[in-house]
Amino acid sequence: IAEPLLAGAGRLGPIFWEGLLEAVAPEVFSRRVSEIMAPVSVCADSSQDLLEVIFLLHKHRVSFMPVVRRAEVVGVIHIDDILKVLVELASRQTL
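In this text the structure is predicted, and so the values were computed from the model without any measurement. (Residues numbered from 1 in each chain as written. Predicted model: local features only at pLDDT ≥ 70, side-chain atom pairs only at ≥ 80, totals over all residues. Heavy atoms only, no water.)

S.K.: How do you make sense of the overall build of the protein chain when you look at a structure like this?
M.R.: Scanning the protein chain from terminus to terminus reveals six helices and three strands. Reading the secondary structure of the protein chain in the N-to-C direction produces α-α-α-α-β-α-β-β-α. Burial analysis of the protein chain (95 residues in total) assigns 15% to the buried set. In the protein chain, once contacts between residues fewer than 6 apart in sequence are set aside, the share between residues at least 24 apart is 14%. (Helix = DSSP H or I, 4+ residues; strand = E, 2+ residues; numbered from the N terminus. Buried < 20%, exposed > 50% of the residue type's maximum accessible area, 1.4 Å probe, protein only. Contact = heavy atoms within 4.5 Å.)

S.K.: Please explain the sheet that holds strand β3 (residues 72-78) as it appears in this structure.
M.R.: Strands pair in a sheet through their backbones, by hydrogen bonds, and they do so in one of two ways: parallel or antiparallel. Spatially, three strands are ordered β1-β2-β3 in an open sheet, and the strand pairing comes out mixed. Pairing within the sheet leaves two strands with one partner each, and these edge strands are β1 (44-45) and β3. In this sheet, strand β2 (residues 64-69) lies alongside β1 in parallel orientation, the contact comprising two bridges. Residue pairing in the sheet places Asp45 in a bridge with Val68 of β2. Against the sheet, helix α5 (residues 50-59) makes contact with β1, β2 and β3, and its axis sits at roughly 135° relative to β2, the strand it touches most. (Pairing = 2+ DSSP bridges. Axes fitted to C-alpha atoms, helices over the stretch in contact; angles between N-to-C directions.)

S.K.: Can you help me understand the confidence of the model for the protein chain in this one?
M.R.: Detailed reading of predicted coordinates is not advised where the pLDDT is low. Taken as a whole, the protein chain shows an average pLDDT of 82; of its residues, 75% reach a score of 70 or greater. Confidence, read as mean pLDDT per element, is least for helix α1 (residues 2-12) in the protein chain (49) and greatest for β1 (96). Note that residues 1-5 has pLDDT below 50 and, in this model, five contacts with residues that lie over four places away or in other chains. (pLDDT = per-residue confidence, 0-100.)

S.K.: For this particular structure, what's the right way to read the nonpolar core?
M.R.: When a protein is soluble and globular, its nonpolar side chains tend to lie buried together. In terms of nonpolar packing, the biggest core is built from nine residues, these being Val42, Ala44, Val53, Leu56, Leu57, Met65, Val67, Ile77 and Ile82. Breaking this core down by element, the ones donating at least two residues are α5 and β2. In terms of residue count, α5 provides more of this core than any other element does, three residues in total. (Core = buried A, V, L, I, M, F, W, Y, C linked by side-chain atoms within 4.5 Å.)

S.K.: Before we go on, may I ask you to explain unusual backbone geometry in this structure?
M.R.: Residues other than glycine predominantly adopt negative phi, and peptide bonds predominantly adopt the trans conformation. Although it is not a glycine, Arg61 adopts a positive phi angle of roughly 55°. Along the polypeptide, Arg61 turns up in the loop between α5 and β2.

S.K.: How should I be thinking about a nonpolar patch on the surface in this particular structure?
M.R.: On the surface, a cluster of nonpolar side chains totalling about 280 Å² of accessible area is made up of Leu50, Leu51 and Ile54. Mapping Leu51 onto the fold places it in helix α5. (Patch = residues over 30% accessible without salt bridge, like charges linked within 9 Å, V, L, I, M, F, W, Y side chains within 5 Å. Areas by Shrake-Rupley, 256 points an atom, 1.4 Å probe, with all protein chains shown as cover. Salt bridge = Lys/Arg side-chain N within 4 Å of Asp/Glu carboxyl O.)

S.K.: Explanation requested: the pairing of β3 in the structure shown.
M.R.: For a regular strand, side-chain orientation follows a simple rule: the groups alternate between the two sheet faces. Of the strand pairs in this sheet, β2 and β3 are connected by six bridges, and their pairing is antiparallel. Paired with Arg69 across the two strands is Glu72, which belongs to β3.

S.K.: How should I be thinking about the environment of Lys59 in this particular structure?
M.R.: In this fold, Lys59 is placed in helix α5. Residues Lys59 and Val42, 17 residues apart in the sequence, show an inter-C-alpha distance of 9.8 Å.

Dropping the structure here:
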């Protein structure tokens, strides 16, 4: 299935722009987000310590979580965001 889509991608542009993806998988596009989303199992408060958030990510075996302030989602924290900050701090220490 992937070969015809990829073969035409260079000529037609991104496959979803041309409607080819919709033609191949109509049952996917008729679904609601709620049918395929993962439920939120944990969220972080924007005032929480980063160490606590790392613990929650590990405990709940997730790589990201919503960040809330006064019950409103204000962002998302991902393990990559944390690692990026750690690497930046470590590189400053070695200079």
